[in-house]
Number of protein chains: 4
Amino acid sequence: MRIDAYNLETRAPDDLHQLRQLLDAGVIRAGEVIAVIGKTEGNGGRNDFTRALAMSALEHLFAPRLGLAPERVQDRIIFSFSGGTEGVVTPHMIVFTRTDEPLAPRSSPAREKRLAIAVGHTRAFHPEEIGRLPQIQETAALVRHLAASLDLDDLRDVHLVQMKGAIPRFTAEQAANADHAGRPLRCDMVGSRAASALGVALALGEVQPDQLSDDVVGRDFALYSAVASCSAKPGLDRTEIVLFANSPAWGGDLVIDHEVLQDLLDVAAIRRVAARLGLDRPLTDPRSSPLIAAFAKSEADPRGQIRGRRHTMLSDDDISDTRYSRCVLASVLAATLGDTRVYVSTRAEHHGPLGGGPLALIARVGQGSP
Amino acid sequence: MRIDAYNLETRAPDDLHQLRQLLDAGVIRAGEVIAVIGKTEGNGGRNDFTRALAMSALEHLFAPRLGLAPERVQDRIIFSFSGGTEGVVTPHMIVFTRTDEPLAPRSSPAREKRLAIAVGHTRAFHPEEIGRLPQIQETAALVRHLAASLDLDDLRDVHLVQMKGAIPRFTAEQAANADHAGRPLRCDMVGSRAASALGVALALGEVQPDQLSDDVVGRDFALYSAVASCSAKPGLDRTEIVLFANSPAWGGDLVIDHEVLQDLLDVAAIRRVAARLGLDRPLTDPRSSPLIAAFAKSEADPRGQIRGRRHTMLSDDDISDTRYSRCVLASVLAATLGDTRVYVSTRAEHHGPLGGGPLALIARVGQGSP
Amino acid sequence: MRIDAYNLETRAPDDLHQLRQLLDAGVIRAGEVIAVIGKTEGNGGRNDFTRALAMSALEHLFAPRLGLAPERVQDRIIFSFSGGTEGVVTPHMIVFTRTDEPLAPRSSPAREKRLAIAVGHTRAFHPEEIGRLPQIQETAALVRHLAASLDLDDLRDVHLVQMKGAIPRFTAEQAANADHAGRPLRCDMVGSRAASALGVALALGEVQPDQLSDDVVGRDFALYSAVASCSAKPGLDRTEIVLFANSPAWGGDLVIDHEVLQDLLDVAAIRRVAARLGLDRPLTDPRSSPLIAAFAKSEADPRGQIRGRRHTMLSDDDISDTRYSRCVLASVLAATLGDTRVYVSTRAEHHGPLGGGPLALIARVGQGSP
Amino acid sequence: MRIDAYNLETRAPDDLHQLRQLLDAGVIRAGEVIAVIGKTEGNGGRNDFTRALAMSALEHLFAPRLGLAPERVQDRIIFSFSGGTEGVVTPHMIVFTRTDEPLAPRSSPAREKRLAIAVGHTRAFHPEEIGRLPQIQETAALVRHLAASLDLDDLRDVHLVQMKGAIPRFTAEQAANADHAGRPLRCDMVGSRAASALGVALALGEVQPDQLSDDVVGRDFALYSAVASCSAKPGLDRTEIVLFANSPAWGGDLVIDHEVLQDLLDVAAIRRVAARLGLDRPLTDPRSSPLIAAFAKSEADPRGQIRGRRHTMLSDDDISDTRYSRCVLASVLAATLGDTRVYVSTRAEHHGPLGGGPLALIARVGQGSP
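Residues numbered from 1 in each chain as written. Chains lettered and ligands numbered in written order. Predicted model: local features only at pLDDT ≥ 70, side-chain atom pairs only at ≥ 80, totals over all residues. Heavy atoms only, no water.

Caption draft 1: Molecular detail of the overall build of chain A. Along the backbone of chain A there are seven helices and 14 strands. In summary, chain A has a C-alpha radius of gyration of 20 Å against a globular reference of 21 Å for 370 residues, a match within 12%. Considered along the principal axes of its C-alpha atoms, chain A spans approximately 60 × 50 × 45 Å. Counting the 370 residues in chain A, one finds 62% classified as buried. Taking the intrachain contacts of chain A between residues at least 6 apart in sequence as the baseline, contacts between residues at least 24 apart amount to 81%. Counting only carbon and sulfur atoms, one obtains 49% of the accessible surface of chain A, whose full area is about 13900 Å². Measuring between centres, the 42 positive side-chain charges of chain A sit 2 Å from its 47 negative side-chain charges. (Helix = DSSP H or I, 4+ residues; strand = E, 2+ residues; numbered from the N terminus. Rg over C-alpha atoms; globule rule 2.2 N^0.38 Å. Buried < 20%, exposed > 50% of the residue type's maximum accessible area, 1.4 Å probe, protein only. Contact = heavy atoms within 4.5 Å. Areas by Shrake-Rupley, 256 points an atom, 1.4 Å probe, with all protein chains shown as cover. Lys, Arg positive; Asp, Glu negative; His and termini not counted. Charge placed at Lys NZ, Arg CZ, Asp CG, Glu CD.)

Written as structure tokens, this is what we have:
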């Protein structure tokens, strides 16, 4: 098994001309596509319809090629789009394929680990489970299951857990009942993101079971995952997960690694992971960069300060802090990595320390690399 | 003569509590203040009233201390405020003082150069001069005059020419007459910024007289200054200039240096100038940084691309490209320099190459430094 | 021939559940739909992708019902969507059908006029024609042709000419050549809207041929049409026109009428046209209103004043004047008409007097009405 | 005693040229000014510094004329500024003066009521009182006291209670203690506005004491005042109140009246109060209108609908619902009243019914009027 990845610039949310060419040319086979993750030029908020436009275009592109109705395509391929290409970010999508070609045996004991991906979804959640232990535990169970399926040496080889977090619909009556019972619903973006991240942390041993309770969710930010990345989606009953790891059982020439950013300006962490992936070597042609994808989570520090000084992102009523924090981190990433195709999504409860967040990079390595 | 500089965080555009304390304590003497340059948390546009609020507060602070009416204070001290602290930028003001203390003679030939500042203003402009040769030439004459007043070794020791560019008022009739004469007015922000920058370039030998004509203004962007920084102000009849250089005839412990950024992501240039100023050494306490001030100009590349890839700053009708480009460059500067008190203003016609712009840093040096 | 119209609320730009139901129930026949005009909840600007989303959804809805490929649907049905539902506006679409049922003969001479619609498109334009006489004349020719096809008593029975104005693509070389020839291209939104409106005015006798020249376009705003409504679309080679009139040769129970608004606050004009259509009678149920559709053009008066007093729409760098002017006029229309499904699009060069614009209402009338 | 009022357009938040002229000409005497209420062209949010700019300018204008330090001026004159002149609103300020000239005796019993104003402030509040009964009761006590001071015939002659609501500062510890005690602080804008309005309602008999409890605040919106208008201000310890009524004991030629708007489009209510004040008669010159001031509160209906149809104000992440709702109501008021100098502030908990709000108009009446 091997993963290939194609990072394609788009001219508009529904621009698929590059992907269509690759499919038509047989470079990408529709049946091998397992996930498409991308950034579109919307505002990333409630009235961002660019994600719907991108996904609708993809459904109509893949449906005839897969012999499916358009509305069934997402049962086969995970589409994960995040709005907001503030500043220098180039709208783009990364198409991941999984090929079943038998792995050429490598000479032990020097087997090298390569990027491996597993996808899955949790059971459907009840609204009262969101933001609480049941969501954490179910998420953790799925993460462990997906990791196990990849024949990893160690759970530390999991470097990114990309999630679309469940926010099941509920009635006003359900909300009122929960209030009366003294357990108000947390069935919103904050709750779902927070519990999803803690679920990953639990699965990977970043937090211990006895540290967790309903009370710590959204409160004790010392508890976090360094590899979770969750965007929650209203109306989604179950959480969809794409787990990225390096496995000795997988082939190909892609590798993933990660670091935790301590704040939006943490250049040192970016450089460390880039160096480990060999991305710090000078390029003759920026188009030939071995960097395949960069995923990060941003957050305007809720304490109103960064590096001991005031920032104004949280008191601006013209522009949302989500747009600012994405712009800041994407600018720093693009400048440090030399590539404007970076994927930064925002709000990061229990995703790295307060004001910080996780960063994962995927790179192409030579035969003798990492 | 020596320059001292105080970089003060503000809690609001009219927050002067730190400056008031320094004045009350005698650390800063009102009569020695020559310029206050700062960033306020507005939008930097036409309806940004934070600059007026800051300057009104400063006028009322200094008026009794200088024995002047408030409306006369700006005849004595140049106030230059730029709105827009997008992202991580900390609103701040830098107070520059010039002290006449006799300079202790230094042992030649090792005389070290130190930050020197001269301020002045051009004659009043006619509207038809703006954006054309007369503005360029008058600006150049003043720049040469100010540079000469500082006893420089070389014009290459000029590292920043901060300007408030004239945009004199005109009547609809004047505009119509200019149209009929086939020489439409250029009396706007673009024209004034462009001609101001070319005036600096002419004065400092960055462009040659025979390269200049009315036609090249706003057209031939291969002509530029590497040290100009102009914001134009509607209603201002004359251009106000603050010229920063290193002079062997001046004392103190501040030094300025500059680089031209090739684009918004030009980390290498930032690092070069930081290294020359000794800012690349690790700090034990970020508050003790020798960095005093960072000034830069940003611009969303008008060609719609950066590093060969699309950006969306110029096709976004929700947020202005000026806000994005400031946010991007300020983020990169803050991350690279480790300080969020960076001054980035925007739109940079003939200020560095297209899509790029000038960067100047002021640092405190030890006795044996540069 | 008769026109029917269905004004359908939408829950999102791609929400077609009401239209699908009407099609499935046979109330609307796909083959009879001639135009769908609607408002979507975008910003109405360059990065408004809600229109594309709505039109893509409609293409996929109609394609199988018409036996066409999705990309061919717009050859059969005109889709015209305008972004921006600022304030109280309810996103909606109006589906127009034309039925060929033979018209029951009416007793002359009392034949009543009913809504009649003709659609068509101009020839493809060259970039240098846009904003100049050739575009005006070609547009006028088509308007006359469409009006003639409807068996009108009088050109004064034309009450609305909805246009998607051409803006053909051009190269930088073409633009430079036009500059050198002293006839700079006007191939942009302003030029296309202006010439389209003047084309309508010419066709309908609102302006005389000898009043027109290239020079008056975008200059002499005393020349205007009272019934034109143009949105220009980059990349469109030809102008698409939907002409609305009342014809004695058409049946049904819909009637259209119009007035020119003198400014954004012209309640008197709104009331006059509403009264003529019988819309001023009290309703027992607001859902049973005979109002079918309201179309208007808004503009923030470029002189910076309204009713002799300052407005701030043109000096706000946070929110576009297009969003403000739509919000203002839509609010006034909704309040006066008692319906939030109003279609207001913006920028109105030569569409009514400066600061004003056209208003057209479509209403259902009883058998004995108008 | 008599009230005079001057409605002055401003060119910028700190433009006082009209007021200065009136003071210099002796038309307005500084010592008789009791309140200045105005709209400035900011965003009305946390980063709106236009209000501070206006008030600072007023302090420096009045200080020498009153023989006070600038920071003491607001102890003598209430300055109440609201940011946000969305759409057609003309930035303006209304200067209210109270003159002690003995009232010429009028022939009883036909004494006519004229505008009377009383100003005052509550005691300082503790943070835990805000949004709860203590704030309601203290507010009510002051309203009753102010009303009593005006020699009213009836409490129904109170038509507007303009309030700057207290939001005292508190520590994180106070907030945590309140949480632990099961009574979380409500010391925010919502809490202060809500309790202030209910305080007015209690004082004027619009709600009965037994209907009130901590629980109804922000919950039972059937309880409301028809004349309250509160903006809450962080950092203010006490609530400032300006009470407007018609009193038979006061002279002059100004009268106030009010109506409750059922929603943002309630033209009928606007017309009723305008008609009672004689504002529905045609004017020869709009500048001679007897309308002096219009005060209203707006709110985007939190149920997401208006008149049974969807609005998008609450799901727009580019522009705040506060800006939209002000724009809508101000447009409807300006169109109906024919004047763009309308004061609309936003968020209206317990100010009129849900989605609606209070409207008060002040007009100049002839000798024989009302």
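Caption draft 2: Here's a closer look at the interface of chain B and chain A. Of the residues lining the interface, 40 residues belong to chain B; the matching set on chain A comes to 40 residues. Looking at the side of chain B facing chain A, the largest losses of area belong to B:V88, B:R309 and B:R310, adding up to 23% of the total buried there. For the pair chain B and chain A, the number of links is six salt bridges. Connecting chain B to chain A are 14 residue pairs in polar contact (both at pLDDT 80 or more). Mapped by element, the contributors of at least two residues to the side of chain B that touches chain A are α7 (267-276), β12 (309-310) and α8 (321-337) of chain B. Top element by residues in the side of chain B that touches chain A is α8(B). It accounts for eight residues. When grouped by side-chain class, the residues that make up the side of chain B that touches chain A number 16 nonpolar, ten polar and 14 charged. (Buried area = accessible area lost by both parts, 1.4 Å probe. Salt bridge = Lys/Arg side-chain N within 4 Å of Asp/Glu carboxyl O. Polar contact = N/O pair within 3.5 Å; in protein donor to acceptor, adjacent residues only side chain to side chain. Nonpolar A, V, L, I, M, F, W, Y, C, P; charged D, E, K, R; others polar.)

Caption draft 3: Geometry of the packing of aromatic side chains. For the structure on display, the rule yields 16 aromatic pairs over all chains. Both rings, one in D:F244 and one in D:F295, keep their centres 6.0 Å apart while their planes meet at 45°; by these two values the pair is tilted. Separated by 51 residues along the polypeptide, D:F244 in strand β8 (residues 240-247) and D:F295 in strand β10 (residues 291-298) bring together distant segments of the chain. Judged by its relative accessible area of 2%, D:F295 is buried. Through a chain of ring-to-ring contacts, the aromatic side chains of A:F96, A:F244, A:F295 and A:Y343 assemble into a single cluster. Here the basic side chain of A:K39 rests over the ring of A:Y343, its NZ or CZ set 5.5 Å away from the ring centre. (Phe/Tyr/Trp six-rings, centres within 6.5 Å; stacked < 30°, edge-to-face > 60°. Lys NZ or Arg CZ within 6 Å of the ring centre and 35° of its normal.)

Caption draft 4: Highlighting unusual backbone geometry. Residues and elements named next belong to chain D. Of note in the backbone geometry, R307 takes a positive phi value of approximately 50° without being a glycine. Inspection of the secondary structure puts R307 in the loop between β11 (305-306) and β12 (309-310). By relative accessible area, which is 39% here, R307 ends up partly exposed. Although it is not a glycine, R347 sits at a positive phi angle of roughly 70°. Note that R347 resides in the loop between β13 (343-346) and β14 (357-364).

Caption draft 5: Quick look at the pairing of strand β9 (residues 254-261) of chain D. Burial within β9(D) is extensive, with eight of its eight residues counted as buried. Taking every second residue as pointing to the same face, both faces of β9(D) are buried, with D:L254, D:I256, D:H258 and D:V260 on one and D:V255, D:D257, D:E259 and D:L261 on the other.

Caption draft 6: Representation of the relation of the copies chain A and chain D within the structure. If you rotate chain A by 180° and push it 0.1 Å along the axis, it lands on chain D with an RMSD of 0.0 Å. Those values place the two copies in the arrangement expected of a two-fold rotation axis. Nearest to the rotation axis, the C-alpha of A:D318 is located 3.9 Å from it, this being the minimum over chain A. Residue by residue, 100% of the interface of chain A is reproduced at the interface of chain D, so both copies engage with the same surface. (Least-squares fit on C-alpha atoms with pLDDT ≥ 70 in both.)

Caption draft 7: Looking closely at the sheet that holds strand β14 (residues 357-364) of chain A. Residues and elements named next belong to chain A. Taken together, the four strands give an open sheet; going across it, the order is β9-β14-β10-β13, and neighbouring strands pair in mixed fashion. The open sheet has two free edges, formed respectively by β9 (254-261) and β13 (343-346), since each of these has just one partner strand. On average, each strand axis in the sheet is tilted by 15° relative to the strand beside it, whichever way the strands run. As paired strands, strand β10 (residues 291-298) and β14 are joined by five bridges and run antiparallel to one another. Its bridge partner lying in β14, F295 is registered against A360. (Pairing = 2+ DSSP bridges. Axes fitted to C-alpha atoms, helices over the stretch in contact; angles between N-to-C directions.)

Caption draft 8: Structural context of the relation of the copies chain B and chain A. Mapping chain B onto chain A calls for a screw motion: a turn of 180° about the axis and a shift of 0.0 Å along it, with 0.0 Å RMSD after fitting. Taken together, the interface assignments show that 100% of the residues at the interface of chain B recur at the interface of chain A, consistent with an identical surface on both copies.

Caption draft 9: Examining the interface of chain A and chain D more closely. At the interface, ten residues of chain A touch ten residues of chain D. Interface area, chain A with chain D, both sides summed: about 950 Å², of which 24% is carbon and sulfur. Of all residues in chain A, A:R46, A:D317 and A:D318 bury the most surface against chain D, accounting for 55% of the area lost on that side. A salt bridge links D:R46 to A:D317, with the shortest nitrogen-to-oxygen separation between them at 2.6 Å. The interface formed by chain A and chain D holds twelve residue pairs in polar contact (both at pLDDT 80 or more) in total. Of the residues contributing to the side of chain A that touches chain D, the split by class is one nonpolar, four polar and five charged.

Caption draft 10: Here's a closer look at the domain arrangement of chain A. All names here are of chain A. In terms of domain boundaries, chain A breaks down into domain 1 (2-99), domain 2 (114-244) and domain 3 (256-364). The C-alpha centroid of domain 3 is placed 23 Å from the C-alpha centroid of domain 2. Counting residues at the interface gives 26 residues for domain 2, matched by 18 residues for domain 3. Between domain 2 and domain 3 lies a buried interface of about 1800 Å² when both sides are counted; carbon and sulfur atoms form 63% of it. Together, H159, R193 and F221 form the three largest contributors to the area buried by domain 2 at its contact with domain 3, with a combined 31%. The tally of links from domain 2 across to domain 3 stands at one salt bridge. In this structure, E349 engages R193 in a salt bridge whose closest nitrogen and oxygen atoms are separated by 2.8 Å. For the pair domain 2 and domain 3, the interface holds nine residue pairs in polar contact (both at pLDDT 80 or more). (Domains from an automatic or database assignment.)

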